[in-house]
Amino acid sequence: MNNVVAQLQRQFHDYLVSLYQQGFLDNQFSELRKLQDDGTPDFVAEVVSLFFEDCSKLINTMSRSLERPENVDFKQVDSGVHQLKGSSSSVGARRVKNVCISFKECCDVQNREGCIRCLQQVDYEYKMLKTKLQDLFNLEQQILQAGGTIPQVDIN
């Protein structure tokens, strides 16, 4: 194995471990990675891409629902939070999921200002995760293009 591949694999390993240590990801992401194989080499990237598309749509819908202070449909917002929490759980997006827990509490007591703060935090966390996972997937592509294989990373 050449030095470039070894260096990229080490970089991939360290970067992925840091995403877990910083709380961006949880074990569900590891489970998702286990489903990827030679027959579906882009499985995780595709699932995550769909997650980000859903995030964007849900955030926009919830934002519109919270725009008018006199007429907030908290049931609609809560429904969006519920969907976002479920999809973030399924891909291992730990920080997004955790903000959704606080977001739901604000919906339950119809706290519009709290909901707006949580919406801003969800938007921030989802965008941060999207950037970090795009960097991770770019590293995967560099490893493959250099003739290497994606290392298995054991997160405990």
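Up top you'll find the structure we're talking about.
This write-up is about the structure you can find in this document.

Each value, and the rule that gives it
- Residues numbered from 1 in each chain as written.
- Predicted model: local features only at pLDDT ≥ 70, side-chain atom pairs only at ≥ 80, totals over all residues.
- Heavy atoms only, no water.
- Helix = DSSP H or I, 4+ residues; strand = E, 2+ residues; numbered from the N terminus.
- Buried < 20%, exposed > 50% of the residue type's maximum accessible area, 1.4 Å probe, protein only.
- Contact = heavy atoms within 4.5 Å.
- Core = buried A, V, L, I, M, F, W, Y, C linked by side-chain atoms within 4.5 Å.
- Disulfide = S-S within 2.5 Å.
- Expected span 1.5 Å × (residues − 1).
- Polar contact = N/O pair within 3.5 Å; in protein donor to acceptor, adjacent residues only side chain to side chain.
- Salt bridge = Lys/Arg side-chain N within 4 Å of Asp/Glu carboxyl O.
- Arc of directions from axis to C-beta.

What follows concerns the side chain of Asp26. Tracing the backbone through its elements, the reader meets Asp26 in the loop between helix H1 (3-21) and helix H2 (27-34). For Asp26, a relative accessible area of 17% puts it in the buried group. The contacts of Asp26, once residues within four sequence positions are left out, are Tyr20, Gly92, Arg94 and Lys97.

This part is about unusual backbone geometry. Leaving glycine aside, a negative phi is the common case for residues, and trans is the common case for peptide bonds. One non-glycine residue, Gln110, lies in positive phi territory at about 55 degrees. One can find Gln110 in the loop between helix H5 (94-108) and helix H6 (112-145).

This part covers the environment of Leu8. Within the secondary structure layout, Leu8 lies in helix H1. Each C-alpha atom of the pair Leu8 and Ile150 lies 9.4 Å from the other, and the pair is 142 residues apart in sequence. The contacts of Leu8, once residues within four sequence positions are left out, are Leu139, Gln142, Ile143 and Ala146.

One finds Leu25, Phe29, Phe103 and Leu133 to be the most contacted residues of the largest nonpolar core, which totals 45 residues. Where this core is concerned, the elements lending two or more residues are H1, H2, helix H3 (43-66), helix H4 (74-91), H5 and H6. Ranked by the residues each element gives to this core, the list is headed by H6, at 11 residues.

A word on the state of the cysteines. One pass over the full model with this rule turns up 0 disulfides. With no disulfide of its own, Cys55 lies closest to Cys100 among cysteine sulfurs, the gap being 7.9 Å. Free of any disulfide, Cys107 has its nearest neighbouring cysteine sulfur in Cys115, separated by 3.7 Å.

Between its terminal C-alpha atoms H6 stretches 49 Å, which fits the 50 Å expected from 34 residues at 1.5 Å a residue. Residue Asn111 occupies the N-cap position of H6, its side-chain oxygen lying 3.2 Å from the main-chain nitrogen of Glu113. Backbone geometry just downstream of H6 places Gly147 in the positive-phi region, at approximately 90 degrees.

What follows is about the pattern of salt bridges. Here the idea is simple: oppositely charged side chains can pair when their charged atoms come close. The final tally for this structure, using the stated rule, is 7 salt bridges. Of the charged contacts, one joins Lys104 and Asp78 as a salt bridge, the two residues approaching to 3.4 Å between their closest N and O atoms. With Lys104 in helix H5 and Asp78 in helix H4, the pair connects residues that are 26 residues apart, well separated along the chain. With a closest N to O distance of 3.0 Å, Lys127 and Asp123 form a salt bridge.

On to H2. Restricting attention to buried positions, one finds in H2 the residues Phe29, Ser30, Leu32 and Arg33. Along H2, the residues classed as buried sweep out an arc of 160 degrees about the axis, all on the same side. Structural note: H2 exposes Asn27 and Lys34 on the side pointing more than 90 degrees away from its buried face. Looking at the buried positions of H2, the neighbouring elements they touch are H1, H3, H4 and H6.

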